[in-house]
Amino acid sequence: MLPLSISAAVLVATLGIAAAAGSPDTDSTLLQHRHSFFSTLPVEPSDENFRVGRHQVKVIDLTGFREWEVKGSLHGLLQVAGKTTSEGESQGDVSGKVHVQWFDSKAPLLRPPFIPTYIPGFHMAITSDDFAKAWKENCPVISDLIGSVDCREITGEGTPLERIHNTLRAEDLTVIYKHHYLHKTTDPAGFLSSSSAVSSLISQQQAGSTPGPALIDLVLHKGEITLKVIWATGTNNNDNKDGDKSQQNAIGISFNEKTDKVVEVGWFYREITEQDYSVYDHYLGAIVKMDREGEEVNEAMIQTRSPVFPPHRRDFSTGNIRAYGHGFNSTMTPSQSFHPHSVTTIRSNPNIQETTAGCDLHVLQVLPAGYFVDPFQLEGLAPEIGESTVFGETDLEKPVGVVAGWGSLVMVKAQPEESVKTSKWTPHNITNIDTKGVKTDAVSYTSVVDIPMHMRYQPPIEQGNPATHVTVETPWPIVAWVCPVATTNGEESAALNAAAKKLFHIPALPFSLLFPRDAKTDRETVDFRFILPDPIPKQFPTAQMSVPVGRLDDMNLVRAATFAMAGAGTLAVALALVRTVAGRTSGKGKQD
Ligand SMILES: *[C@@H]1O[C@H](CO)[C@@H](O)[C@H](O)[C@H]1NC(C)=O
Ligand SMILES: *[C@@H]1O[C@H](CO)[C@@H](O)[C@H](O)[C@H]1NC(C)=O
């Protein structure tokens, strides 16, 4: 075992890396694997935590996050998952790219080096020059991988009942540049059903009683699949120190001579060095490489700039800020209105040249169907808040149940350095207290980005239900500085950055779609540097809005709803819809 003598035992990671370029892969069932584990640990890891045996590494009792990755051909992956396919079938559209991402709304917020700001729910993006073709060819493949997708021809039509039924349909995707994108706050029907390949692979990897995955990220590109899964591990066992530690938190990673070429398992401490607010992250640890020959242990170090700005450092007992970092909070105000404002207060430090030079501050709001924005209103407000980009449904006449798809995206490039903007940086005199108790005066900056929103009419509810309002939840926005890819320190730094990204970086949908990727390498052309919600929540935070609901005895609303559903035809369909919706929302109904 290597001496792992690094001061701050913050994160420990274990990962295995696929044999990238090995001998030509003749057997398509061969999968290339990568495993990884990230953990905070109260103590340094020791031989107790890692046991290396013949073709096996056992990781015991680590608390934190675990990442597992599998890479291989679509055909091979389906076979390993127990889905037999005949050659030539289920190949998908090789020119297009499918990206599916799912983040559990109840999952603990991830910690760096993972991006902690994933919008909860189901996301799908299809990138292709010919969407109709890509959808037709990829749809059955997606269905095999993740469960049911409605693969019928694109008709542009669809009854409200079909929309309510939570299937994935081509019509529901929104065009974003050359992508088609969809977000659902609830799982689509049949998602990860037991017959799906991804669910079968995940259950093969899930260690004993671990809770389900926090994040699933699946990319199908040119016939190759990359699947990454992140679990929170060992989070519940902290207070059970002296009990029976049996095998509950043990995860074994082994080399299988039949299916593997090389499996690498590694673990890392995260060491953070702060200098003038710049944060340098080093990931130090060791890697065990397993192949047919046996095991090989090596020290490892990955050096990269953190994709996440340091949050405020707070006093442990009072919660007061001792040293100012970066953070944001967000609210919908007033809390009961048809025309609320999304108000995001960002605290950051724009005057750190190395950190934010050439970068722009972006606020991305992913709105459910209950909300819409008026692009013309936002255009008029550009001199005040900054340029905005809007994708998705902005038709203000449509009530919720009739809106195609899922809602909309609103991204504001805040540019608060321009002093004419209402979102301009406001300086505050502050005092930082360092770990030794030494006080230093400094300046901290806040910017307030205020985006006017509008609420859609909620579907009317049945007679006899006393609810007058429903609560519409919206995830807080993603707030990030978007910077040119770091090239300042030359080739070497760029290569390190790329290597680190390969290990740690899972692009957050839909954020990554809004910025171009390199056509040749398919790499991002920008670096994202995220600001964390403040105070750091346990789960991704949401804003609540209470919206009045129509009543069936309110004739005007019934008329409006019936008019909007004209395509649906008969009153019977309308009534069935009303009942379905009422059944689904009445539980959330709120009286005031
Ligand atoms: C949001 O952040 C600002 C600046 O840090 C702070 O003044 C404000 O009280 C916060 N609002 C809430 C609701 O926490
Ligand atoms: C901050 O302190 C400086 C002097 O050190 C003072 O001129 C300035 O007005 C103060 N700003 C605020 C916002 O209090």
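Residues numbered from 1 in each chain as written. Chains lettered and ligands numbered in written order. Predicted model: local features only at pLDDT ≥ 70, side-chain atom pairs only at ≥ 80, totals over all residues. Heavy atoms only, no water.

Caption draft 1: Region of interest: the overall build of the chain. Of regular secondary structure, the chain possesses nine helices and 31 strands. Relative to its full complement of 592 residues, the chain shows a buried share of 52%. Restricting to contacts in the chain with at least 6 residues of sequence separation, those with at least 24 account for 72%. When the accessible area of the chain is evaluated, it comes to approximately 26600 Å², of which 52% is carbon and sulfur surface. (Helix = DSSP H or I, 4+ residues; strand = E, 2+ residues; numbered from the N terminus. Buried < 20%, exposed > 50% of the residue type's maximum accessible area, 1.4 Å probe, protein only. Contact = heavy atoms within 4.5 Å. Areas by Shrake-Rupley, 256 points an atom, 1.4 Å probe, with all protein chains shown as cover.)

Caption draft 2: Seen up close, the packing of aromatic side chains. A full pass over the atoms with the stated rule returns 14 aromatic pairs. Considering the side-chain rings of Trp425 and Tyr445, the 6.5 Å spacing of their centres and the 75° angle between planes classify their relative orientation as edge-to-face. Of this pair, Trp425 sits in the loop between strand 23 (407-413) and strand 24 (426-433) while Tyr445 sits in strand 25 (residues 439-452), and the two are 20 residues apart along the sequence. Summarising the burial analysis for this pair, Trp425 and Tyr445 share the class buried. An aromatic cluster is defined as three or more aromatic residues linked by ring pairs; in this entry it consists of Phe511, Phe515, Phe528 and Phe530. Taking the ring centre of Trp231 as reference, the NZ or CZ of Arg66 above it sits at 4.5 Å. Directly above the ring of Phe309 sits Arg529, whose terminal nitrogen or CZ lies 4.4 Å from the centroid. (Phe/Tyr/Trp six-rings, centres within 6.5 Å; stacked < 30°, edge-to-face > 60°. Lys NZ or Arg CZ within 6 Å of the ring centre and 35° of its normal.)

Caption draft 3: Seen up close, the side chain of Arg347. With respect to the secondary-structure elements, Arg347 resides in strand 19 (residues 341-348). As a buried residue without a salt bridge, Arg347 has its nearest oppositely charged side chain in Asp534, at a separation of 6.8 Å. Within the local environment of Arg347, its side chain forms a polar contact with the side chain of Ser444, the two groups lying 2.8 Å apart. (Lys, Arg positive; Asp, Glu negative; His and termini not counted. Salt bridge = Lys/Arg side-chain N within 4 Å of Asp/Glu carboxyl O. Polar contact = N/O pair within 3.5 Å; in protein donor to acceptor, adjacent residues only side chain to side chain.)

Caption draft 4: Focus on the sheet that holds strand 3 (residues 50-53). Strand order across the open sheet formed by three strands is 3-4-12, with antiparallel pairing between neighbours. Here the strands that pair on one side only, and so sit at the sheet edges, are strand 3 and strand 12 (250-254). Across the sheet, the mean angle separating the axes of adjacent strands is 15° when strand polarity is ignored. Summarising the sheet, strand 3 and strand 4 (residues 56-60) pair through four bridges and their orientation is antiparallel. Paired with Val52 across the bridge in strand 4 is Val57. (Pairing = 2+ DSSP bridges. Axes fitted to C-alpha atoms, helices over the stretch in contact; angles between N-to-C directions.)

Caption draft 5: Structural context of the confidence of the model for the chain. Residues of the chain with pLDDT of at least 70 account for 69%, and the chain-wide mean is 76. A low-confidence stretch, residues 236-247 (pLDDT under 50), is modelled with five contacts involving residues beyond four sequence positions or located in other chains. For residues 561-592, every residue scores under 50 in pLDDT, and the model assigns this stretch 39 contacts once sequence neighbours within four places are set aside. (pLDDT = per-residue confidence, 0-100.)

Caption draft 6: Layout of the sheet that holds strand 30 (residues 526-531). Pairing in this open sheet of five strands is antiparallel, and the strands run 22-23-20-29-30 from one edge to the other. Every other strand in the sheet has two partners, leaving strand 22 (387-392) and strand 30 as the edge strands with one partner each. In this sheet, adjacent strand axes meet at a mean angle of 25° when their direction is disregarded. Bridge analysis of strand 22 against strand 23 gives six bridges, and the strand direction is antiparallel. Paired with Ser388 across the two strands is Val412, which belongs to strand 23.

Caption draft 7: The arrangement of helix 6 (residues 375-385) in detail. The backbone nitrogen of Phe376 has a side-chain oxygen 2.9 Å away, supplied by the residue at the start of helix 6, namely Asp374. Just downstream of helix 6 lies Gly386, where phi reads positive at about 125°.

Caption draft 8: Up close: the site of ligand 1. The immediate surroundings of ligand 1 are formed by Asn329, Thr345 and Arg347. Within the side chain of Asn329, an N or O atom sits 2.4 Å from an oxygen atom of ligand 1. Taking Arg347, its side chain carries an N or O atom lying 3.4 Å from an oxygen atom of ligand 1. Starting from 360 Å² of accessible surface for ligand 1 in isolation, the protein chains cover 38%. (Near = heavy atom within 4 Å.)

Caption draft 9: Broad picture of the pattern of salt bridges. Taken as a whole and judged by the stated rule, the model has eight salt bridges. Of the charged contacts in the structure, one is a salt bridge between Lys133 and Glu137, with a shortest N-O distance of 3.9 Å. Taken together, the residues span about one helical turn, with Lys133 and Glu137 both in helix 2 (residues 131-146) at a distance of four residues. Residue classification places Glu137 among the partly exposed residues on the basis of a relative accessible area of 34%.

Caption draft 10: Molecular detail of the environment of Thr394. Note that Thr394 resides in the loop between strand 22 and strand 23. The sequence separation of Thr394 and Gly407 amounts to 13 residues, and the corresponding C-alpha distance is 8.2 Å. Every residue in contact with Thr394, bar those within four places of it in the chain, is listed here: Phe372, Val373, Pro375 and Arg456.

Caption draft 11: Region of interest: the nonpolar core. Residues Phe122, Met124, Trp135, Leu145, Ile146, Leu227 and Phe511 are the most contacted members of the largest nonpolar core, which totals 107 residues. For this core, the leading source of residues is helix 2, giving eight residues. Viewed by domain, this core spans two of them, domain 2 (69-233) and domain 3 (313-485 + 525-534 + 540-548), each represented by three or more residues. Here Leu145 is in contact with Leu74, Leu77, Leu78, Ser196, Ala197, Val198, Ser199, Leu218 and Ile225, once residues within four sequence places are set aside. (Core = buried A, V, L, I, M, F, W, Y, C linked by side-chain atoms within 4.5 Å. Domains from an automatic or database assignment.)

Caption draft 12: Examining the environment of Arg169 more closely. With respect to the secondary-structure elements, Arg169 resides in the loop between helix 3 (160-164) and strand 8 (174-176). Owing to a relative accessible area of 4%, Arg169 belongs among the buried residues under this scheme. Remark: the alpha-carbon pair of Arg169 and Leu182, spanning 13 residues in sequence, is separated by 9.5 Å.

Caption draft 13: Local environment of helix 2. Given a rise of 1.5 Å per residue, 16 residues ought to cover 22 Å, yet the end C-alpha atoms of helix 2 are separated by just 20 Å, more than 12% below that figure. At Asn138, helix 2 shows its maximal kink, close to 40°; a proline, Pro140, follows between one and four residues later. Within the sequence span of helix 2, burial applies to Phe131, Ala134, Trp135, Asn138, Cys139, Val141, Ile142, Asp144, Leu145 and Ile146. One or two steps after helix 2, the chain reaches Gly147, where phi turns positive at roughly 120°. (Expected span 1.5 Å × (residues − 1). Bend = angle between axes of the 7 residues up to and from the residue.)

Caption draft 14: Representation of the packing of helix 2 against helix 4 (residues 197-205) in the model. At a minimum axis separation of 4 Å, helix 2 and helix 4 run at an interaxial angle of 30°. The pairing of helix 2 with helix 4 is recorded here as roughly parallel in orientation. Packed against helix 2, whose contacting residues are Asp144, Leu145 and Ile146, the element helix 4 presents Ala197, Val198 and Ser199 at the interface. By residue class, the composition of the contact of helix 2 with helix 4 is four nonpolar, one polar and one charged. (Parallel < 35°, antiparallel > 145°, perpendicular 65-115°, else oblique. Nonpolar A, V, L, I, M, F, W, Y, C, P; charged D, E, K, R; others polar.)

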